[in-house]
Structure formats: C-alpha cells, structure tokens
Amino acid sequence: MTAKIYVANWKMNVPARESIEQYIGHLKKFRVPANTHIIIAPPFPYLPLVARLIKKSRLEIAAQNVHWETEGTFTGEVSAKMLQRFGVHFVIIGHSERRRDFYETDAIINRKLRIVVHTRLTPILCIGETAAQRKRGETRKIILTQLRRALQGIRNPRVIIAYEPVWAIGTGINAQPTQVQQVHVLIRSWLTRKYTKKNTIPILYGGSAAAHNSHSFMQQPDIDGLLVGGASLSSQQFRNIIQT
Ligand code: PGA
C-alpha cells in the first residue's frame, strides 16, 4: 500500500493565529495513522525550531527550496547538506511559484533534484499546467515534458510527485477530483515505465485543498496525499484535512 502523505507548505508565512509552538503541539496530539506522513514545510529560518519541536513525534519536516551545489559563492542560497544537518528529510522542488517568480527552468529543477537525491533527501517534485495550457489541450504534453526533464538521469525512484495545476493554487478554484485522477493516472503510468513495474511513488495533489474537499480527493485511487498551502496555516484546518 502506498503511504498517505500530507504536506503543510507555509510558503513565506507563519501561522497567523497561533505560535509555532502551539501549532506543532496541536498536531503532536493527533494520533498519526499508520503508513501516513505529516510533513511541515516552514520557511528556512524556522526549520531548526520546528525540527526541535517535532522531536519524539511522527511529524517530519521539509524545506521549500534548495540550491543545486553543495557549497560555494551563492549568496542567499542554502544547500542540501545544510538541510540534512538540521534534520530535514524532504525538499519541495519546482513549485510553480518558483518557476514563475524565480525563473526556475526544468534544467535547474533537474540539477536540484540530482543534489537532493544524492544527499539522500527525498524531493517533492511539483509539476502542473497553467490555465492557458489546459485550455489549449496541452495538459498531457506539459505534464510529461516536466516529468521527463526534471527526472532526467535520476535512477533512484525515491521521489514524491505533487501534481499542482497552476490555476488551482491559491485561487480557491479546485480541480475536480476526477480531473486530478486522470492526470495522476498519466503520471503513474509514465513513472511505471521509467522506474518499476510495481510503482509505489506517491503522487500528491495540491491546489486549494481544504477540509471541505480533501475527502473527495483522497477517495480517488491514485491520489496518495495532499500538498496544502493556505489551509495549512491553521493547525486545526490542517488536522481536519488529514482527519477527513
Ligand atoms: P494552496 O497552495 O493550497 O494555497 O492553493 C498549494 C501549494 O501551492 O502548494
């Protein structure tokens, strides 16, 4: 059985109505079901605090970004080795906000994936089409191109994929669960061909996921979890998403 994974992507925010201590304390009281991962992705400066707070719990942490080199003259950047030292096990790579606002190309994303896999961290690779691309009927082409380019030369299938249609992120517009399921089947069959017949690579959905819709997404056979932005900024809402 593929693990269920819920990621709280705080982006450049911290929870507004509670302290980070309260947030983590609230989640720690929750009995995490077997074979389920709950991963918190705070901004870089909060990683050591969150790492300390989640000790002796089943919670895990992710970074939201990483550089493709191990060290060097890269002002403002953070390496995978540094993240590893702070107890980070997962790294979000290729989020559409980084592709759009920081000009990250598939080639850059591929370099980041390589270093993350090499450092034995698990990348959470985000892929997804824009509204215009979907309208033009290019979803399939875009998804397969992003997958192929990002995973070029990556032999170790210890990755997590997050399908995040750009038009559903932060907009309150949900993709339909059946629409998402179709894309996940496409992703899964591509991964099965590339890696292993018994494909256990988790495929998450992200885009305005919230407590009122998480159940309908999680009922789809090929949706293994959720990458949650806005709704993860409240521990109560994030818990509700996992519980439903
Ligand atoms: P959202 O963000 O849940 O606020 O739409 C999801 C994401 O960007 O990962």
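Residues numbered from 1 in each chain as written. Predicted model: local features only at pLDDT ≥ 70, side-chain atom pairs only at ≥ 80, totals over all residues. Heavy atoms only, no water.

An unreviewed UniProt entry lists the chain under the name Triosephosphate isomerase. Comment text from UniProt for the chain, heading Sequence similarities (unreviewed entry), reads "Belongs to the triosephosphate isomerase family." (UniProt positions renumbered as here; feature names shortened; annotations may be inferred.)

J.: Which residues make up the packing of aromatic side chains, and what are the values?
T.: Enumeration according to the criterion identifies 2 aromatic pairs in this entry. Centroid distance Y205 to F217: 4.4 Å. Interplanar angle 25°. Geometry classified as stacked. Remark: F217 occurs in helix α9 (residues 211-218) and Y205 occurs in strand β7 (residues 203-206); sequence separation between them is 12 residues. Given the relative accessible area of 1%, F217 is considered buried. Residue placement shows R98 over the ring face of F102; its charged tip is 4.2 Å from the ring centre. (Phe/Tyr/Trp six-rings, centres within 6.5 Å; stacked < 30°, edge-to-face > 60°. Helix = DSSP H or I, 4+ residues; strand = E, 2+ residues; numbered from the N terminus. Buried < 20%, exposed > 50% of the residue type's maximum accessible area, 1.4 Å probe, protein only. Lys NZ or Arg CZ within 6 Å of the ring centre and 35° of its normal.)

J.: Requested: an account of the site of the ligand, with residues and values cited.
T.: As a structural note, the neighbourhood of the ligand is formed by 13 residues, with K11, H95, E164, G170 and S208 the closest of them. One of the backbone N or O atoms of G229 is found 2.9 Å from an oxygen atom in the ligand. Between G230 and the ligand, the recorded distance is 2.8 Å, taken from a backbone N or O atom to an oxygen atom. Across the complex, the protein chains shield 95% of the 280 Å² of accessible surface that the ligand would expose by itself. Residue composition of the shell around the ligand, by class: 4 nonpolar, 7 polar and 2 charged. (Near = heavy atom within 4 Å. Polar contact = N/O pair within 3.5 Å; in protein donor to acceptor, adjacent residues only side chain to side chain. Areas by Shrake-Rupley, 256 points an atom, 1.4 Å probe, with all protein chains shown as cover. Nonpolar A, V, L, I, M, F, W, Y, C, P; charged D, E, K, R; others polar.)

J.: So what's going on with the environment of Y23? Residues and values would help.
T.: Along the chain, Y23 falls in helix α1 (residues 20-28). As for Y23 and L47, which are separated by 24 residues in sequence, their C-alpha atoms are 14 Å apart. Residue contacts for Y23: discarding those within four places in its chain leaves A8, W10, P15, E18, I40, S232, L233, S234, S235 and F238. (Contact = heavy atoms within 4.5 Å.)

J.: Can you tell me about the pairing of β7, naming the residues and giving the values?
T.: Of the two faces of β7, both are covered, the one formed by I203 and Y205 as well as the one formed by L204 and G206. Bridging between β7 and strand β8 (residues 225-228) involves 3 bridges; their strand directions are parallel. Within the sheet, the bridge partner assigned to G206 lies in β8 and is L227. Where the polypeptide runs from β7 across α9 and back to β8, its parallel neighbour, the crossover connection is right-handed. (Pairing = 2+ DSSP bridges. Right-handed = clockwise from strand over helix to strand, strands pointing away.)

J.: Give me the lowdown on the pattern of salt bridges, citing residues and values where you can.
T.: Enumeration over the complete set of coordinates arrives at 11 salt bridges. Of the charged contacts in the structure, one is a salt bridge between E138 and R136, with a shortest N-O distance of 3.0 Å. Here the residues in one salt-bridge network are R98, E104 and K112, joined through shared partners. (Salt bridge = Lys/Arg side-chain N within 4 Å of Asp/Glu carboxyl O.)

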